[in-house]
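Spelled out, the chains give:
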Amino acid sequence: MTPEQLITFAAVAEHRNISRAAQALHLSQPAVSGQLRLLQEEFGEPLYLRDGRGVRLTPTGEQLAAYAARLRDSWRDACAFRDALRGLERGTLRIGASTTPVSYLLPYLVAAFHQRFPGVKLETASGNTSDVVGMLGALDIALIEGPPGASLPPGTAVHPWSDDEIVAIAPRSHPLAGSAPTPDARVPLAALGDYPLVLREDGSGVRQIVEQAFARADVPMRIALEIAGVEGVKEAVRAGMGVGFVSAMSMRHEDDALRVFRIGPEPLARRFSILVPHAGAASRAAQRFLELCFREAS
């Protein structure tokens, strides 16, 4: 039994899925399966069972997972302490970001950080908000657009960060154009409810905010399509599938094929958050990146 095998098992126990654990550990799935096989041979009995597309821990596996998680956390804390002593001449910063920040904010932040600390290797991972929250065990810092939820790992710090607005989009020829003749005019949710809608996938921060707004306004939603990603929503709207919802910043460099409609009377506003796992032992690189994020936002 090795520390690497236990750290791998801790990731599998956290994600309940071998593929996602492999992704979080930056290992191949066969490598993770091989370490699990060796670990099970050490104990002489199953530690987990296949359960659909995921895994379910056996009673022995549940007990071992507690020890493995403590070992993993101690290992990370030791690495963070070592990196803090080394300074930022070298090291790795693992950044996670949900769909909107990774596309429209992270490139500028990474470029600014690299210019200041060129010796630090930057690794990025992305997904929707729930995906990124699920990756926290393998990240140093994360930028998300949706509510972080209640299932954050212990010791995770949540920093409210930057403001954003959700807007509706439709083709230029859409009937909504007559109800909002100027770019600053607002379209009420009740009017949007009259048309088919294109929504992001489950777990998307944008989708959560849109669904909550329709529920508060007691306006039924006519969902025509659910599709992953901001660009997927834009292409579906261009294809005539319905009215979509995206971050206003995602429309900064758009062509004239789509019309943006601000939603009213109250805008659909949200605030991005920055998550720092193991904040009490955060690496110096994570601390400097956090400071950069707030400096750039101001």
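Check the entry above for the structure.
Thresholds, definitions, all that
- Residues numbered from 1 in each chain as written.
- Predicted model: local features only at pLDDT ≥ 70, side-chain atom pairs only at ≥ 80, totals over all residues.
- Heavy atoms only, no water.
- Helix = DSSP H or I, 4+ residues; strand = E, 2+ residues; numbered from the N terminus.
- Buried < 20%, exposed > 50% of the residue type's maximum accessible area, 1.4 Å probe, protein only.
- Salt bridge = Lys/Arg side-chain N within 4 Å of Asp/Glu carboxyl O.
- Pairing = 2+ DSSP bridges.
- Contact = heavy atoms within 4.5 Å.
- Phe/Tyr/Trp six-rings, centres within 6.5 Å; stacked < 30°, edge-to-face > 60°.
- Right-handed = clockwise from strand over helix to strand, strands pointing away.

Quick word on the environment of Gly127
Mapped onto the elements of the fold, Gly127 is located in strand 4 (residues 120-127). For Gly127, a relative accessible area of 19% puts it in the buried group. Distance in space between the C-alpha atoms of Gly127 and Ser204 is 8.8 Å, their sequence separation being 77 residues.

A look at the pattern of salt bridges
Any two side chains of opposite charge can pair, so long as their charged atoms come close to each other. Taken as a whole and judged by the stated rule, the model has 18 salt bridges. Residues Arg94 and Asp140 are paired through a salt bridge, measuring 3.0 Å at the closest nitrogen-oxygen approach. In this pair, Arg94 is assigned in strand 3 (residues 91-98) and Asp140 in the loop between helix 7 (129-134) and strand 5 (141-144), connecting sequence segments 46 residues apart. When the shortest N-O distance is used, the salt bridge between Asp164 and Arg270 registers 2.9 Å. Of the two residues, Asp164 is situated in strand 6 (residues 157-171) and Arg270 in strand 12 (residues 268-276); the sequence distance between them amounts to 106 residues. We note that Asp164, like Arg270, is buried. It is possible to trace a salt-bridge network through shared partners that takes in Glu14, Arg72, Asp73 and Arg76.

A short note on the pairing of strand 3
Across eight bridges, strand 3 lies against strand 4 in parallel orientation. Bridge pairing links Ala97 to Ser126 in strand 4. Summarising the sheet, strand 3 and strand 5 pair through three bridges and their orientation is parallel. Within the sheet, the bridge partner assigned to Ala97 lies in strand 5 and is Leu143.

With respect to helix 11 (residues 230-238)
Within the span of helix 11, buried status applies to Val230, Gly232, Val233, Lys234, Ala236 and Val237. Among the structural elements, helix 5 (99-104), strand 6, strand 8 (197-199), strand 9 (223-226), strand 10 (243-247) and strand 11 (258-264) are those in contact with the buried residues of helix 11. At the exit of helix 11 stands Gly240, carrying a positive phi of roughly 90 degrees.

Focus: the packing of aromatic side chains
In the structure shown here, the tally under the stated rule is four aromatic pairs. An angle of 65 degrees between the planes, with centres 5.6 Å apart, marks the rings of Phe113 and Phe289 as edge-to-face. Of this pair, Phe113 sits in helix 6 (residues 106-116) while Phe289 is found in helix 12 (residues 284-297), placing the two residues 176 residues apart along the sequence. What makes Phe113 buried here is its relative accessible area of 1%. Aromatic side chains Trp161 and Phe272 sit 6.4 Å apart centroid to centroid with 40 degrees between the ring planes, which places their arrangement in the tilted category. In this pair, Trp161 is assigned in strand 6 and Phe272 in strand 12, connecting sequence segments 111 residues apart. The exposure class assigned to Phe272 is buried, which follows from its relative accessible area of 0%. Put simply, the rings of Phe113, Phe117 and Phe289 touch in pairs and so form one group of aromatic residues.

What to know about the pairing of strand 9
Where strand 8 lies against strand 9, three bridges are found, and the strand directions are parallel. Considered in strand 9, the bridge of Val198 is made with Leu225. Crossover connection from strand 8 via helix 10 (residues 205-217) to parallel strand 9: handedness right-handed.

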